[in-house]
Amino acid sequence: MLSEFKAFIARGNVLDLAVGVIIGAAFGKIVSSLTDDLIMPLISLITGGGTDFSAKYIILGGAEKVQAGMSLAAAKAAGANVFAWGSFITAIINFLILAFVIFLIVRQANKLIPPPAAEGPTEVDLLAEIRDELKKK
């Protein structure tokens with residue numbers, strides 16, 4: 001079983017996948033920083049919030065546990081039921097940035113990698129064969 005596992009790991013696809021996961025995780029951190037440190041503060045400034053946009057929330061329950069101006073983390077720690085809409089919008093923006101970058105990478109890879117050659121007869125060969133069979137009858 002150990003030799004089968006070694007053979008599985010040594011295959012190129014598994015190693016490529018491992019490298020892709022590691023690079024993806026690192027790129028995800030870069031995108032999170034871009035969103036958290038650059039994009040969301042600008043959105044907060046534009047919308048007049050002036051504070052961290054991802055910390056915006058609405059108290060759904062346990063309002064007596066939350067003091068005015070309490071951070072999202074502190075409100076959750078106090079046991080309040082919160083609707084954290086700011087962090088959800090931040091996560092959506094992170095996803096859209098990652099999805100767009102992946103789209104660009106895949107689109108570029110499709111341009112660089114030629115499509116696989118079709119095996120067997122071509123469409124013209126098949127049509128010629130059909131024509132020849134019809135002529136025989």
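In this convention, every chain numbers its residues from 1, walking through the sequence in written order. For a predicted model such as this one, the threshold for reporting local features is a pLDDT of at least 70, and the threshold for listing and counting side-chain atom pairs is 80 or more; totals across whole chains, interfaces and linings nevertheless cover every residue. Side-chain calculation: all heavy atoms of the structure are included, whereas hydrogens and water are not.

### A short note on the overall build of the protein
Of the regular secondary structure elements, the protein holds five helices and two strands. When the helices and strands of the protein are listed from N to C terminus, the series reads α-α-β-α-β-α-α. This radius of gyration counts C-alpha atoms alone. The globule rule is 2.2 Å times how many residues there are, raised to the power 0.38. For 137 residues, the compact-globule estimate of 2.2 N^0.38 gives 14 Å, and the C-alpha radius of gyration of the protein, at 28 Å, exceeds that figure by more than 25%. Over its C-alpha atoms, taken along the principal directions, the protein stretches across nearly 90 × 45 × 30 Å. Accessible area is worked out with a 1.4 Å probe on protein chains only. A residue is then buried under 20% of its type maximum, exposed over 50%, and partly exposed in between. Counting across all 137 residues of the protein, residues that qualify as buried make up 15%. Accessible surface, the protein: about 10800 Å² in total, of which carbon and sulfur atoms supply 69%. Each charge class in the protein can be summarised by its mean position, and for the 12 positive and 12 negative side chains these summaries are 2 Å apart. To qualify as a helix, a DSSP run of H or I must reach at least 4 residues; to qualify as a strand, a run of E must reach at least 2; elements of each kind are numbered from the N terminus. Note on areas: Shrake-Rupley with a 1.4 Å probe; residue coverage comes only from the protein chains shown. For this count, His and the chain ends are skipped, Lys and Arg are scored as positive, and Asp and Glu as negative. Here the site of a charge means atom NZ of a Lys, CZ of an Arg, CG of an Asp or CD of a Glu.

### Let's talk about the confidence of the model for the protein
pLDDT expresses, on a scale from 0 to 100, how confident the predictor is about each individual residue. Per-residue confidence for the protein gives a mean pLDDT of 82, with 93% of residues at or over 70. The weakest mean pLDDT in the protein belongs to helix α1 (residues 2-10) at 75; the strongest belongs to helix α5 (residues 123-136) at 90.

### As for the pattern of salt bridges
Pairs can form between side chains of opposite charge once their charged atoms are near each other. Any carboxyl oxygen of Asp or Glu within 4 Å of a side-chain nitrogen of Lys or Arg constitutes a salt bridge here. A complete count under the given rule lists two salt bridges for this structure. A salt bridge links Arg 131 to Asp 132; the shortest N-O distance between them is 3.2 Å. By relative accessible area, which is 45% here, Arg 131 ends up partly exposed. Looking at Asp 132, the relative accessible area reads 35%, which means it is partly exposed.

### Regarding helix α4 (residues 85-112)
To estimate how far a helix should extend, the number of its residues minus one is multiplied by 1.5 Å. The first and last C-alpha atoms of α4 sit 41 Å apart over 28 residues, in line with the 40 Å expected at 1.5 Å per residue. Among all positions in α4, only Gly 86, Thr 90, Ile 93, Asn 94 and Ile 97 are buried.

### Regarding the side chain of Thr 90
Structurally, the position occupied by Thr 90 is in helix α4. Look at Thr 90 and you get buried, because its relative accessible area is 5%. The criterion used for residue contact is that any of the two residues' heavy atoms lie within 4.5 Å. In contact with Thr 90, not counting residues within four places along its chain, are Thr 35, Asp 36, Met 40 and Ser 54.

### Examining the packing of aromatic side chains
The pairing test for Phe, Tyr and Trp rings, Trp by its six-membered ring, is centres within 6.5 Å, and the orientation test on the planes gives stacked under 30 degrees, edge-to-face over 60, and tilted for anything in between. A full pass over the atoms with the stated rule returns one aromatic pair. Residues Phe 100 and Phe 103 carry aromatic rings whose centres are separated by 6.4 Å and whose planes lie at 35 degrees to one another, so their mutual orientation is tilted. Residue Phe 100 and its partner Phe 103 are located together in helix α4, separated by three residues, close to a single helical turn.

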